[in-house]
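Chains, contacts and geometry: an overview
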Amino acid sequence: MGITFEGLSCHSSDPSKGKKSIDRLYEVLEKVYRFPYLKDDPDIGVATVTTTTIKTWSDYLHTAPAFTRLVLAPSRLVPGEDPKKAMTEIKEYLMESSSDIKMSFDEELNFQYPHKIEENCPLVQSAKKACQRATGKVETSYNRSALDMGFFSHYEQDCITFGPGDSALAHSDYEMVPLSEFYEAAYIYEILLEDMFL
């Protein structure tokens, strides 16, 4: 969710002559961190809204910016939530203000559907059997990441996350996978596909 604040730039020596868009940003950030409508799930936890980008312009040392842009990621929703409704609640909550700084939202609201699958689902059971057969061990957990699986589950298609590597390293400079785990995962996929389709 992108938000743009539009004020009136001025020289930093006399800020009273302008309308600093960044001041409205501070107000909105305080509201983001105490957002009252977050839902909870016993396995996944509380839904989250977090700041991912802040940018101001004009970008000059002695100029109070007329424009400030904030990007929020309210994508960590929990199962049962409607993403469009959640976005609307966030927008209406943040719009409540007496400030005369103009605030506009991106027309296109990007989101991902929440996803959760039960442990007794046939796909999960088949994956557990494949892991047990290939490695002699089974570990399952719920992941808080917003993944494409939500799209498929929205259309009633079961799906899980499975693969090698340490999830704590995901999207970092150190994200890598030992070749032994890669080959092990390929073998598990082979067993899983045989169990489901042959």
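Computed from a predicted model, the values in this text were never measured in an experiment.

Before going further, it helps to examine helix α5 (residues 179–197). Side chains of residues three or four places apart in an α-helix project in the same direction, reflecting 3.6 residues per turn. The end-to-end C-alpha distance of α5, which contains 19 residues, comes to 27 Å, matching closely the 27 Å that a straight helix rising 1.5 Å per residue would cover. Buried residues belonging to α5 abut α3 (122–135).

The terminal C-alpha atoms of α3, which comprises 14 residues, lie 20 Å apart, in line with the 20 Å expected from a rise of 1.5 Å per residue. All buried positions along α3 are accounted for by Leu123, Val124, Ser126, Ala127, Ala130 and Cys131. For α3, the angular spread of buried residues about the axis comes to 165°, placing them on one side. For α3, exposure combined with an orientation more than 90 degrees from the buried face picks out Pro122, Lys129 and Arg133.

Another aspect to go through is unusual backbone geometry. Most of the time, phi is negative for any residue but glycine, and the peptide bond is trans. Phi at Glu156 is positive, roughly 60°, even though this residue is not glycine. Within the element layout of this structure, Glu156 appears in the loop between α4 (149–154) and α5. The exposed category is assigned to Glu156, whose relative accessible area is 72%. The backbone of His171 shows a phi angle near 65°, a positive value even though the residue is not glycine.

What counts, and where the lines are drawn
Residues numbered from 1 in each chain as written. Predicted model: local features only at pLDDT ≥ 70, side-chain atom pairs only at ≥ 80, totals over all residues. Heavy atoms only, no water. Helix = DSSP H or I, 4+ residues; strand = E, 2+ residues; numbered from the N terminus. Expected span 1.5 Å × (residues − 1). Contact = heavy atoms within 4.5 Å. Buried < 20%, exposed > 50% of the residue type's maximum accessible area, 1.4 Å probe, protein only. Arc of directions from axis to C-beta.

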